Amino acid sequence: MKYKLLLLDIDGTLRPDQCERIPRENAEAVNAVQRAGVKIAIATGRGRTGVGKGLLRSIRPDYWVCAGGAQLLDGKGNDLALHRLTNEEMYALVDFFEDYELPLRFTFHDANYAYIGYEEFAAREKAKNLHNNIVDGEDQDHHLVEMPFGAFGFVPRERAEQFAQKYGYLGLQFLHSYPGSDGCDITQSGVNKGCGLCELAQLAGLTPAECVAVGDGDNDVSMLQAAGWGIAMANGSEAAKNAADQVGPDAAPFGVAELCRSLWPEAF
């Protein structure tokens, strides 16, 4: 079997945007591929705590690449690797987002804490059926319990450029999900889904060439490039499609199931 690890993005890939959960057909197809001997990894900008119960239906992945590559876990939820923000990085983000009154949240093990703009997060999450386990962290003190390992904000691209001009020495990356979107993962230099794929492959005793990655957004580009075979959904961004080896079907109604059947027909 040439490909031994399948990495799947959730939102816009496994879960079409209009669905609250991933389609049953996708879950059943992924389970069939897993039974055939392929390891399954969920690769998402969400922290593990942001993947709610029932979202993946019956899928029980062998691995997780979460928080845009900052958090790697095994199938039981144990951390395999964790890249925490530093105090300087976190405070720079808080100061900048407060200056411009922009929503900002951080990912911790127990929840995503909205340090700024909780109401905005709650409204947007509800509108897109995301249910990402966001709590009001306006007291801005949860980092005293543990430092965050993920960050997400709603920030126009010109503001992100201003942040880079002021705090470029920190090397933080603003990875917007799609052109025109102001929502973006914020990661440390050298932390992204592609680096997470490579780190996970090494931990699993594999090479990136033995991995298939499937995604749809700009924040999936590094993963699609790092994989032995990268597939962008037809509904994906142009950057994702350009980075991929193959453009697959639309996520809706159950594009991932179609891909599983074409890549591993022996599993069905």
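A. Structural context of the side chain of Ser237. Note on placement: Ser237 falls in the loop between strand S13 (229-232) and helix H7 (238-243). The class for Ser237 is buried, based on a relative accessible area of 5%.

B. Representation of the sheet that holds strand S11 (residues 183-187) in the model. Taken together, six strands build an open sheet; the order of strands is S8-S7-S6-S9-S11-S10 and the sheet is mixed. Among the strands making up the open sheet, the edge pair consists of strand S8 (134-136) and strand S10 (173-176). Geometrically, the sheet is characterised by an average inter-axis angle of 30° between neighbouring strands, direction not taken into account. Across the sheet, helix H2 (residues 87-99) is in contact with strand S6 (104-107), strand S7 (112-116), strand S9 (150-154), S10 and S11; its angle to S6 comes to roughly 160°.

C. Representation of the packing of aromatic side chains in the model. What the rule picks out here adds up to eleven aromatic pairs. On the basis of an interplanar angle of 70° and a centroid distance of 6.3 Å, the ring pair of Phe96 and Phe97 is categorised as edge-to-face. This pair shows no difference in class: Phe96 is buried, exactly as Phe97 is. Seen from their ring centres, Phe121 and Phe154 are 5.1 Å apart, and the 35° between their planes marks the pair as tilted. Residue Phe121 is found in helix H3 (residues 118-127), and its partner Phe154 is found in strand S9; the two are separated by 33 residues along the sequence. Its relative accessible area of 9% is what places Phe154 among the buried residues. Within the aromatic cluster, the residues linked to one another by ring pairs are Phe96, Phe97, Tyr100, Phe163, Tyr167, Tyr169 and Phe174. Across from the ring centre of Phe154, 3.8 Å away, lies the NZ or CZ of Arg124, which sits over that ring.

D. Highlighting the sheet that holds strand S2 (residues 39-43). If you trace the eight strands from one edge of the open sheet to the other, you get S5-S4-S3-S2-S1-S12-S13-S14, paired in mixed fashion. Of all strands in the sheet, those with a lone pairing partner are strand S5 (79-82) and strand S14 (246-247), marking the two edges. Sheet strands touched by helix H5 (residues 193-203): strand S1 (5-8), S2, strand S3 (63-66), strand S4 (71-74), S5 and strand S12 (211-215). Its angle to S4, the strand with the most contacts, is close to 35°.

Criteria and cut-off values
- Residues take numbers from 1 onward in each chain, read along the sequence in its written order.
- A pLDDT threshold of at least 70 governs which residues receive local features in this predicted model, and a stricter bar of 80 or more applies before side-chain atom pairs are shown or counted, although totals over entire chains, interfaces and linings include all residues.
- The side-chain values count all of the structure's non-hydrogen atoms but skip hydrogen atoms and water molecules.
- A run of H or I in DSSP counts as a helix once it spans at least four residues, and a run of E counts as a strand once it spans at least two, with each numbered from the N terminus.
- Residue burial is assigned from relative accessible area. The probe radius is 1.4 Å, only protein chains are included, and a residue is buried under 20% of its type maximum, exposed over 50%, and partly exposed in between.
- Strand pairing is assigned whenever DSSP detects at least two bridges linking the two strands.
- Note on method: axes are straight lines fitted to C-alpha atoms, helices fitted across the in-contact stretch only, with angles between N-to-C directions ranging 0 to 180 degrees.
- Residues are treated as being in contact if the distance between any of their heavy atoms lies within 4.5 Å.
- Note on aromatic contacts: the rings of Phe and Tyr and the six-membered ring of Trp form a pair at centre separations within 6.5 Å, being stacked when their planes are under 30 degrees apart, edge-to-face when over 60 apart, and tilted otherwise.
- Any Lys NZ or Arg CZ found within 6 Å of a ring centre and within 35 degrees of that ring's normal is scored as a charge over the ring.

Honestly, that's just the spatial picture; any functional story needs more than this.
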